[in-house]
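# Geometric and topological summary
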Amino acid sequence: MHRPLRLTIDSSALVHNWRWLADRAGVPAGAAIKADAYGLGARETMRALHGAGCRDFFVSVWPEAEELGAVPGDASLVVLHGVGPDDVEAALASTARPVLNSVEQVSRWKQAAPGRVCDVMIDTGMNRLGLRPDEIAALNGLSIDTLHSHLACADEDHDLNAAQLQRFREVAAQVPAKRYSLANSAGTCIGPDYSFDLVRPGLALYGGIPRQEAEGQIQQVAHIEAQIVQRRTIRAGESCGYGATFVADADTEAAILNIGYADGYLRGFSSKGTAFAGEFALPVLGRVSMDLIAVRCDATPDIREGEWVEIDYDLPTASEASGLSQYELLTTLGSRFERRWP
Ligand SMILES: *Cc1c(COP(=O)(O)O)cnc(C)c1O
C-alpha cells in the first residue's frame, strides 16, 4: 500500500562513511547495528557493509541477534549486553558471541559454555558496563576473541579520554585476547592511538558527525520525504496548529505534510525545522502535531497536494534546530516510513 512518508537510505554514503572511518583508524572497522542499525535497518546495513568488507557487527541484546537471522560465515555478530540470568539459553543457541560485562556474567559463561569463545568489556571509567580493572583475575581460563572498553566522552576534548586510554593499555597488557578494541565513532576521529585492532563505529556510519575531524568527510545517509496532504492560505491575523503559536502577520501560504512526532519528528522542530522543495527552504510553522506539520510555502506557489518535499535531516543541522542528539534523531524514526534502499 502507498505510504505518504519515505526514508531513503543512501547505501553508497553508508559505505563511504565506513571506509572513511576504517582509513582514519588504520585498522579494520566493525559496525554497531544495534537498535535496527539506529533505525535504518540492521539487515540491509549488514548486507551493504559486509559487501564493502566489514566483518564485525554489534547488537545490544539477543533478540536483535535472532531477528537478524543468518550472518555471513566470514563475519561475526557480537551481543554487547552479554549473558544475563535469562539469556543463557538464547546465547547457547546463537552463533553470535557475547561480550561479558561483569564477574557474574563471566562465571555464568564459564559454567554454561566452558571454553567457548567470548568477548569481554572492561570499564575504564564510564561506570556503565564492564569489569573493573581490579577484577580481571576473574578472566583466567576464558577464551577471549576481543577485549573491549568504551569511551564516555570521546565527542569532547575531555581529560577522561586520555585516562581511559591509559587504563585500557594497562589492562590490555595483562589480559590475553586475539584483539583489543576501544573506539566508537568519536574515538575513531580522535586519532590512531585509540584504534587498537578494531574500531566499533555506529553513529558516523549513518551520517552523524561526532567531532569536527569528521566534518566534510561523513556523508548524509538518511533522507526523509513527506507528501503534501493539503495546501492552504492562512489569512493575516489567523493562527496555525495546536496552541496557535504561529500567527500570520500577512496572508501566508502553507503546505500540510504527512509527518509528525509519532514518526519521530519530535516537537523540538516546532517553528524550528525546515523542509525543502528543490532549492526552496520551507520553514515549519507552529507546533509539530502527532501526524502532521505545516510549512511555509510562499516561495513555491505551484507546489500542491500529492507532491513530495524533503525534510532537512542533515544530522548536525537538525540536532541544532531541534535540541535532539544526532543519535535520537535516527533512533526515534517511526514505523510509518517506507524504508527504501534503492
Ligand atoms: C553503541 C556502541 C558503539 C557505537 O557508538 P557510536 O557512538 O554510535 O559510534 C560502540 N561501542 C559500544 C560498546 C556501543 O555500545
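Residues numbered from 1 in each chain as written. Predicted model: local features only at pLDDT ≥ 70, side-chain atom pairs only at ≥ 80, totals over all residues. Heavy atoms only, no water.

The next thing to look at is the site of the ligand. The ligand sits among 14 residues. The nearest are Lys34, Tyr38, Ser185, Leu203 and Tyr327. In the model, an oxygen atom of the ligand is placed 2.9 Å from a nitrogen or oxygen of the Gly202 main chain. Within the side chain of Tyr327, an N or O atom sits 2.5 Å from an oxygen atom of the ligand. If the ligand stood free it would expose 390 Å²; the protein chains cover 93% of that surface. (Near = heavy atom within 4 Å. Polar contact = N/O pair within 3.5 Å; in protein donor to acceptor, adjacent residues only side chain to side chain. Areas by Shrake-Rupley, 256 points an atom, 1.4 Å probe, with all protein chains shown as cover.)

Let us now look at the pairing of strand β5 (residues 97–100). Side chains Arg97 and Val99 project from β5 onto one buried face, and the interleaved Pro98 and Leu100 project onto a second face that is buried too. As paired elements, strand β4 (residues 76–79) and β5 share 2 bridges and run parallel to each other. Looking at the pairing, Val79 lines up with Pro98 of β5. Pairing analysis gives 2 bridges linking β5 to strand β6 (residues 118–121), with the strands arranged parallel. Looking at β6, one finds that Val99 is bridged to Asp119. Tracing the backbone out of β5, into helix α6 (residues 103–112) and back to the parallel element β6 gives a crossover that is right-handed. (Buried < 20%, exposed > 50% of the residue type's maximum accessible area, 1.4 Å probe, protein only. Helix = DSSP H or I, 4+ residues; strand = E, 2+ residues; numbered from the N terminus. Pairing = 2+ DSSP bridges. Right-handed = clockwise from strand over helix to strand, strands pointing away.)

Once that is clear, we can look at the sheet that holds strand β3 (residues 56–59). Read across the open sheet, the 7 strands follow the order β2-β3-β4-β5-β6-β7-β8; overall the sheet is parallel. Both edges of this open sheet fall to β2 (31–32) and β8 (179–181), since each of them pairs with a single strand only. Sheet contacts for α6: β5 and β6; angle to β5, the most-contacted strand, approximately 145°. Each of β7 (144–148) and β8 touches helix α7 (residues 159–174); the most contacted strand, β7, lies at about 160° to it. (Contact = heavy atoms within 4.5 Å. Axes fitted to C-alpha atoms, helices over the stretch in contact; angles between N-to-C directions.)

This brings us to a negative patch on the surface. On the surface, a cluster of negative charge is made up of Asp36, Glu44, Glu66 and Glu67. By the secondary structure assignment, Asp36 is in helix α2 (residues 34–38). (Patch = residues over 30% accessible without salt bridge, like charges linked within 9 Å, V, L, I, M, F, W, Y side chains within 5 Å. Salt bridge = Lys/Arg side-chain N within 4 Å of Asp/Glu carboxyl O. Lys, Arg positive; Asp, Glu negative; His and termini not counted. Charge placed at Lys NZ, Arg CZ, Asp CG, Glu CD.)

Split into domains, the protein chain comes out as domain 1 (11–207) and domain 2 (222–340). When each unit is reduced to the centre of its C-alpha atoms, the spacing between domain 1 and domain 2 is 37 Å. Contacts between domain 1 and domain 2 engage 6 residues on the former and 7 residues on the latter. Interface of domain 1 and domain 2: buried area, both sides summed, is about 750 Å²; carbon and sulfur atoms make up 65% of it. The largest contributions to the domain 1 side of the interface with domain 2 come from Tyr38, Leu40 and Leu203, which together make up 59% of the buried area. For the interface between domain 1 and domain 2, the tally reads 0 salt bridges. Between domain 1 and domain 2 we count 1 residue pair in polar contact (both at pLDDT 80 or more) in total. Residues that form the side of domain 1 that touches domain 2 fall into these classes: 4 nonpolar, 2 polar and no charged. (Domains from an automatic or database assignment. Buried area = accessible area lost by both parts, 1.4 Å probe. Nonpolar A, V, L, I, M, F, W, Y, C, P; charged D, E, K, R; others polar.)

Enumeration over the complete set of coordinates arrives at 13 salt bridges. With a closest N to O distance of 2.8 Å, Asp157 and Arg211 form a salt bridge. Pair noted here: Asp157 is in the loop between β7 and α7 and Arg211 is in the loop between α8 (185–190) and β9 (222–234), with a separation of 54 residues, a long-range link. What makes Asp157 exposed here is its relative accessible area of 73%. Classification of Arg211 as buried rests on a relative accessible area of 10%. Here the residues in one salt-bridge network are Asp56, Arg97, Asp119, Asp145, Lys178 and Arg179, joined through shared partners.

This brings us to helix α9 (residues 315–322). Among the residues of α9, those classed as buried are Leu315, Ala318, Ser319 and Ser322. The arc enclosing the buried residues of α9, seen along the axis, measures out at 105°, which places them on a common side. Phi turns positive one or two residues past the end of α9, at Gly323, with a value near 80°. (Arc of directions from axis to C-beta.)

Between the first and last C-alpha of α7 there are 24 Å, a value that for 16 residues agrees with the 22 Å anticipated at 1.5 Å per step. Taken residue by residue, α7 has Leu160, Asn161, Gln164, Leu165, Phe168, Val171 and Ala172 as its buried positions. What you see down the axis of α7 is that its buried residues fit within an arc of 135°, all on one side. Among the exposed residues of α7, those oriented more than 90 degrees off its buried face are Asp159, Ala173 and Gln174. (Expected span 1.5 Å × (residues − 1).)

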